[in-house]
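What follows is the residue order along each chain.
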Amino acid sequence: MSVKAEQFPFPFTEDRYAYSNNSSLQKPARSVTMTDRYLEEIQLKRELLQANHQRCFRSLPLSLESQWEAMRRIFNELAENEPEHFSFEKRGNEYRFQNLLLGEEERFKYRDLSSIERQPLDIAGRHVQEDLIIMGDRHDGLFLEAGQLCFPSNWSLTFVLGMDFKSIHTPVPGITHKDFIGKVERFISRIRQNEAWERKNWSMTISNKLDTPLETYANWGKLRLQVTDENVGELVHLRVEVQRLLRLPLTNDILFTIHTYLLSLNDLIRNDLWLKRLYTTIQFLSDDIAEYKGIALYKNELMQFLEKTLSEKGISL
Amino acid sequence: MEDFYEVKVQEIKQLTPTIKSFTFISENTELPSFGAGSHITLHLPMGMRQYSLINNPLDMINEYEIAVKKTGHLESGSTYLHEDIYEGDVVKVSPPDNYFPLQMEGKHHVFFAAGIGITPFWSMMSYLRSLGESFELHYAVSGQDACPFYNEMNERYANQVTYYLMDRDSKTKKLKERLRELKVGTHVYICGPQSYMDFIVTYCRELGYPKKYIHEERFKARKLEHPTRFKVTIVNEKKTIQVNSNQSLLEALHDAGITIPSACRQGICGSCEVKVCNGEVLHNDTFLTANEKTDKMLTCVSRGKGHISIAVE
Ligand code: HEM
Ligand code: FES
């Protein structure tokens, strides 16, 4: 499911790519955004949740307070920022959220589990395009304590539930170099309440498939072998995750949201600067990262395509 | 969230002969919510002053409540609040920050408070009560009339509170007894005068109680209020530059053609670290550990005094 180029958050600000803390403070603090893919993506999410609930939603009991807080926060944000589509009313401890786009309504009593049929994060996630993760801020580090995850880029919620921040990142090559990931964790633990930070992560996906969990790798991973000189522009998509980290004030935990965007190379290369930046980034990408992101399998086709396009457009680097 | 809010003093209550509570509200903006253990920073004529919030975060509608003890200093923030602030006045506050959060994974929470150090616990206890969590309070206070919320405390927390109204030696003995009985999974929180906090922390250490289960409220300045200019020699670039009072070291380095990575520019991510070779540094970050501060600094917020020398990568 690709997005229009105007809504695509192109990730590269420089010509070389290296892991860095590329987070920036957001004002106002937002954890969710809508694009014009809203209806399609919500429908896909609902189907995935229906068919594979265990795979897409997991939680530990300790996360419940933060789930409540996250749900209230997200509904509030939606109503505040998109008042033509959503409303959120409070009477005493009773809340009513209306989603006019879907013609749905959620009513609940705050912190009263008997007033809801699913866990709060599992309700909230059905109204936003983002995947939602709760990272508990514990005395001994950050732990993944709940998540509604429909569109992961090759990872498994079941595998990381209850895991600490550093362990979650062990598959990433070079991530412990100079204690990079340790410093990122320290940074997250310093985020002040009500503040939101945003960063972009990127990868590549073959086809416009948003749901690429580790569990179904056998189905979608093999597509990487089907890339040819002819179909590369159509098949290969730049995958960008806009990630936000928000400190929930009441529970002091972190709400981590991931909004995934896909754009086919054919659409991407219409923008000369994007074309140039993507080319140099891939060119200088280290082998282990290219391997990790799954690009190694079709890197030659990809590079030839970008070089050819650059020369056709008469762009020099 | 704004950098600060103008709030109105809605109510002032005399809690004890020297302690008053203040309730601030905003009539036109929604004040940011907060977690138990948070404080707000008041912008007073004598500078920024931090006070713990005492209301239950779950019951907050749009108000902040603090309790302030008059310290007697003529120039102090507390004297100003006690003598020059009236209901209806408008004050500037920075949004709440939390350096003293509850550790919700705790099986049990034990609070040690002395004097006005009770304030963060007042909020924490009502929050934990709402959640049905287990806790207890050990409160050292000079006497019943010096104790804010005395009646409420006894009504609401009769089974949780132990008072320490006795002489110093008996107090120490009783505190030690309680500390010796701490069970695994219990988190300890301390707030009060320095000597009181040091006593408890030291004794916990003697007992070998895990450090990460002990939490102290220590207010620290978030911003240097009056930055001054200083000189920096960048040893490995053989350059000396001046950092003016209105710029950061990071900016001054950048202007001199020395670019170092940065991200948050708030002293919380560690990206802009440099090595300190010589000179006195005014650390202003919340990232580096005490040990790291001996030879590192974060250039986005920390400054030198006089003339310092650093090395960049
Ligand atoms: C707190 C919430 C976060 C969670 C739950 C999270 C989780 C993950 C997961 C599951 C992966 C994939 C690991 C795998 O391949 O199995 C990943 C990759 C990664 N994460 Fe995080 N992460 C978080 C925050 C951050 C932050 C704040 C940064 C950096 C500032 C970061 C940097 C990275 C990098 C560089 C990768 C490799 C991505 C790639 O090259 O494709 N993460 N993260
Ligand atoms: S830029 Fe983050 S600590 Fe300086």
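Residues numbered from 1 in each chain as written. Chains lettered and ligands numbered in written order. Predicted model: local features only at pLDDT ≥ 70, side-chain atom pairs only at ≥ 80, totals over all residues. Heavy atoms only, no water.

**Q** What am I meant to see in the sheet that holds strand β9 (residues 236-247) of chain A here?
**A** Picture the strands of a sheet paired through backbone hydrogen bonds; they go either parallel or antiparallel. All names here are of chain A. Strand order in this open sheet of seven strands is β1-β8-β9-β10-β6-β7-β2, and the pairing throughout is antiparallel. The open sheet has two edge strands, β1 (24-26) and β2 (57-59), and neither has a second partner. For this sheet the average axis-to-axis angle between neighbouring strands, irrespective of direction, equals 35°. Pairing of β9 with strand β10 (residues 254-264), which is carried by eleven bridges, proceeds in the antiparallel orientation. Within β10, the position partnered with Q243 by the bridge is I258. The sheet strands contacting helix α11 (residues 272-283) are β8 (196-206), β9 and β10, and the helix crosses β8 at an angle near 75°. (Pairing = 2+ DSSP bridges. Helix = DSSP H or I, 4+ residues; strand = E, 2+ residues; numbered from the N terminus. Axes fitted to C-alpha atoms, helices over the stretch in contact; angles between N-to-C directions. Contact = heavy atoms within 4.5 Å.)

**Q** Where do I start with the sheet that holds strand β12 (residues 230-234) of chain B in this structure?
**A** Residue and element names in this part refer to chain B. The sheet built from five strands is open, its strands ordered β13-β12-β16-β14-β15 with mixed pairing. At either margin of the open sheet sits one strand with a lone partner, and together these are β13 (239-243) and β15 (296-298). The mean angle between the axes of side-by-side strands here comes to 35°, regardless of whether they run parallel or antiparallel. Across four bridges, β12 lies against strand β16 (residues 303-311) in parallel orientation.

**Q** Mind showing me how you'd approach the coordination of the iron atom of ligand 1 here?
**A** Any two of four tetrahedral donors ideally make an angle of 109.5 degrees at the metal, while pairs among six octahedral donors ideally make 90 or 180 degrees. Donation to the iron atom of ligand 1 from the protein comes from one atom only, H169 of chain A (NE2), at 2.0 Å. Assignment of secondary structure puts H169 of chain A in the loop between α6 (165-168) and α7 (180-189). (Donors = N, O, S within 2.8 Å, 3.2 Å for Na, K, Ca; no water.)

**Q** Which parts of the structure should I look at to understand the nonpolar core?
**A** Proteins that are soluble and globular tend to have nonpolar side chains buried together. Membership of the largest hydrophobic core comes to 61 residues, with the highest contact counts inside it found for F75 of chain A together with F111, L137 and M153 of chain B. If we skip the residues at most four places from it in the chain, F75 of chain A touches F88, F97, E106, F108, I123, A124 and H127 of chain A. V242, L268, L278 and F305 of chain A belong to the second largest nonpolar core, which has 35 residues in total. (Core = buried A, V, L, I, M, F, W, Y, C linked by side-chain atoms within 4.5 Å. Buried < 20%, exposed > 50% of the residue type's maximum accessible area, 1.4 Å probe, protein only.)

**Q** Is there a simple way to think about the domain arrangement of chain B in this case?
**A** Accessible area lost when the parts come together is the quantity often used to give the size of an interface. When cut into domains, chain B gives domain 1 (5-97), domain 2 (108-216) and domain 3 (230-311). Once you take the C-alpha centre of each, domain 2 of chain B and domain 3 of chain B turn out to be 40 Å apart. (Domains from an automatic or database assignment.)

**Q** Please explain the interface of chain A and chain B as it appears in this structure.
**A** Taken together, the contact pairs 29 residues of chain A with 37 residues of chain B. Taken together, both faces of the contact between chain A and chain B bury some 2800 Å²; the carbon and sulfur share is 49%. Our enumeration of links across chain A and chain B arrives at six salt bridges. Between D97 of chain B and R192 of chain A there is a salt bridge whose closest N-O contact spans 3.0 Å. For the interface between chain A and chain B, the tally reads 16 residue pairs in polar contact (both at pLDDT 80 or more). (Buried area = accessible area lost by both parts, 1.4 Å probe. Salt bridge = Lys/Arg side-chain N within 4 Å of Asp/Glu carboxyl O. Polar contact = N/O pair within 3.5 Å; in protein donor to acceptor, adjacent residues only side chain to side chain.)

**Q** Is there a simple way to think about the packing of aromatic side chains in this case?
**A** For any pair of aromatic rings, geometry is given as the distance between the ring centres together with the angle between the planes. This structure, assessed with the given rule, holds 33 aromatic pairs over all chains. An aromatic cluster is built from Y38, W68, F75, F86, F88, Y95, F97, F108 and Y110 of chain A, whose rings are joined through pairwise contacts. The ring of Y110 of chain A has R72 of chain A lying over it, and the distance from NZ or CZ to the ring centre is 3.8 Å. Just above the ring of F4 of chain B sits the side chain of K92 of chain B; from NZ or CZ to the centre is 4.1 Å. (Phe/Tyr/Trp six-rings, centres within 6.5 Å; stacked < 30°, edge-to-face > 60°. Lys NZ or Arg CZ within 6 Å of the ring centre and 35° of its normal.)

**Q** Can you walk me through the site of ligand 1 in this structure?
**A** Residue and element names in this part refer to chain A. Neighbouring ligand 1 are 19 residues, the closest being Y19, W155, H169, Y292 and K293. Take Y292: an N or O atom from its side chain is 2.4 Å from an oxygen atom of ligand 1. Mapped onto the shell around ligand 1, the elements with two or more residues apiece are α6, α7 and β8. Sort the elements by how many residues they give to the shell around ligand 1 and β8 lands first, with three residues. Its residues placed into classes, the shell around ligand 1 shows 14 nonpolar, three polar and two charged. (Near = heavy atom within 4 Å. Nonpolar A, V, L, I, M, F, W, Y, C, P; charged D, E, K, R; others polar.)

**Q** Sorry, what's going on with the packing of α11 of chain A against helix α13 (residues 299-313) of chain A here?
**A** To characterise two packed helices, one gives the angle between the axes of the helices and the distance between these axes. Residues and elements named next belong to chain A. Contact geometry of α11 with α13 gives a least axis separation of 10 Å together with a crossing angle of 145°. Crossing of α11 over α13 shows left-handed handedness. In contact with D272, L275, K276, L278, Y279, I282 and Q283 of α11, α13 contributes K299, L302, M303, L306, E307, T309, L310 and K313. Of the residues assigned to the contact of α11 with α13, the class counts are eight nonpolar, two polar and five charged. (Left-handed = near helix turned anticlockwise from the far one by under 90°.)

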